[in-house]
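Structural description and commentary
If you want the building blocks of each chain, they are given just below.
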Amino acid sequence: DPRNLNQLGANLLLNGLTGRVEIVAKAVSDRAGRVPFKFYAETSTGQSRVDRDGATDQVEAIRADDYVGLRDGVIFAKIDVEGHELAVIEGMTETLRNNRVFLQIECFAGQIEQLSGMLADGAFRKLHRIGDDFFFANFP
C-alpha cells in the first residue's frame, strides 16, 4: 500500500534511520512477479492485501528466499499480511531452514492449524500467543 510505504519512509527519516534500513517496495509471497492486490483506500492501511479473489490491482512480489540470502544467521520476522501468511512461509523455506529464526505471525483462526503444521515440519515450535499473534522459533 503506497500509504504504508510513505509512512515507513517518513518514520525512518524522523528517527534518523534512512542509512540503516533498506525499503523494498514489493509484496512478499510464494512466487516472484506480479500478484493481485486489493487496496482499501477508504479505510485503514492495515486492510490492503494480496488477494487472489477479486483484486483489480497488481503489485510486484518477491520470495524471501530469493532476496534474503542469509545463512547461519539470526532473524526476527514479523508477518502481518492479512491472510497471505501461508504463501509468505512457502516463499521463505530455505531462509527458515538455514537460520535461527523467531517469528511473530498474525494469523486468524481459519489458517492457524495449517500454518502451525507447516512450521512444525521445519522444526519450529509454537511459543506463545497474544490475540491473533502467534510466536514461533526453531531454536531453544
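Turning to the overall build of the protein, a few remarks are in order. Helix and strand counts for the protein stand at five helices and eight strands. In the protein, the succession of helices and strands from N to C terminus is α-β-β-β-β-α-β-α-α-β-α-β-β. Computed over its C-alpha atoms, the radius of gyration of the protein comes to 15 Å, within 12% of the 14 Å expected for a compact globule of 140 residues. Considering only C-alpha atoms, the protein reaches an extent of 40 × 40 × 30 Å along its principal axes. By the burial criterion, 35% of the 140 residues in the protein qualify as buried. Considering only intrachain contacts with a sequence separation of at least 6, the fraction spanning at least 24 residues in the protein is 61%.

Moving on, we come to the layout of surface pockets. Each pocket or cavity is described by its volume, and for the largest pocket that value is around 1,400 Å³. Lining the largest pocket are 38 residues, with Val24, Lys26, Ala27, Val28 and Val81 positioned closest to its centre. Contributions of two or more residues to the lining of the largest pocket are made by helix 1 (2–14), strand 1 (27–28), strand 3 (49–50), strand 4 (57–62), helix 2 (64–67) and strand 5 (74–79). Top contributing element to the lining of the largest pocket by residue count: strand 5, with five residues.

Our next topic: the side chain of Glu106. Along the chain, Glu106 turns up in strand 6 (residues 100–106). The side chain of Glu106 sits in the buried core without any salt bridge; Lys78 is the nearest counter-charge, 6.0 Å away.

What follows deals with the sheet that holds strand 3. A sheet is described by the order of its strands in space; here four strands give the open sequence 1-4-2-3, paired in mixed fashion. Of all the strands in the sheet, the pair left with one neighbour each is strand 1 and strand 3.

Glancing now at a nonpolar patch on the surface. A cluster of nonpolar side chains, namely Leu5, Leu8, Val21 and Ile23, defines an oily patch on the protein surface of about 280 Å² accessible area. In this fold, Leu8 is placed in helix 1. Here Leu8 falls in the partly exposed class, since its relative accessible area comes to 39%.

Now for the pairing of strand 8 (residues 133–137). Within strand 8, five of the five residues are buried, which leaves the element mostly enclosed by the surrounding structure. The alternating pattern of strand 8 places Asp133, Phe135 and Ala137 on one face and Phe134 and Phe136 on the opposite face, and all of these are buried. With five bridges connecting them, strand 7 (residues 125–130) and strand 8 associate as antiparallel partners. Paired with Arg125 across the bridge in strand 8 is Ala137. Linking strand 7 to strand 8, which pair antiparallel, is a turn of two residues; within it Gly131 sits at a positive phi near 60°.

The rules we used
- Residues numbered from 1 in each chain as written.
- Predicted model: local features only at pLDDT ≥ 70, side-chain atom pairs only at ≥ 80, totals over all residues.
- Heavy atoms only, no water.
- Helix = DSSP H or I, 4+ residues; strand = E, 2+ residues; numbered from the N terminus.
- Rg over C-alpha atoms; globule rule 2.2 N^0.38 Å.
- Buried < 20%, exposed > 50% of the residue type's maximum accessible area, 1.4 Å probe, protein only.
- Contact = heavy atoms within 4.5 Å.
- 1 Å grid on protein atoms, 1.4 Å probe; cavity = no way out; pocket = protein on both sides within 12 Å on 5 of 7 lines; lining within 4 Å.
- Points joined across faces, edges and corners; volume = space filled by probe spheres on them.
- Lys, Arg positive; Asp, Glu negative; His and termini not counted.
- Salt bridge = Lys/Arg side-chain N within 4 Å of Asp/Glu carboxyl O.
- Pairing = 2+ DSSP bridges.
- Patch = residues over 30% accessible without salt bridge, like charges linked within 9 Å, V, L, I, M, F, W, Y side chains within 5 Å.
- Areas by Shrake-Rupley, 256 points an atom, 1.4 Å probe, with all protein chains shown as cover.

Without other data, these values stay purely geometric and don't point to any function.
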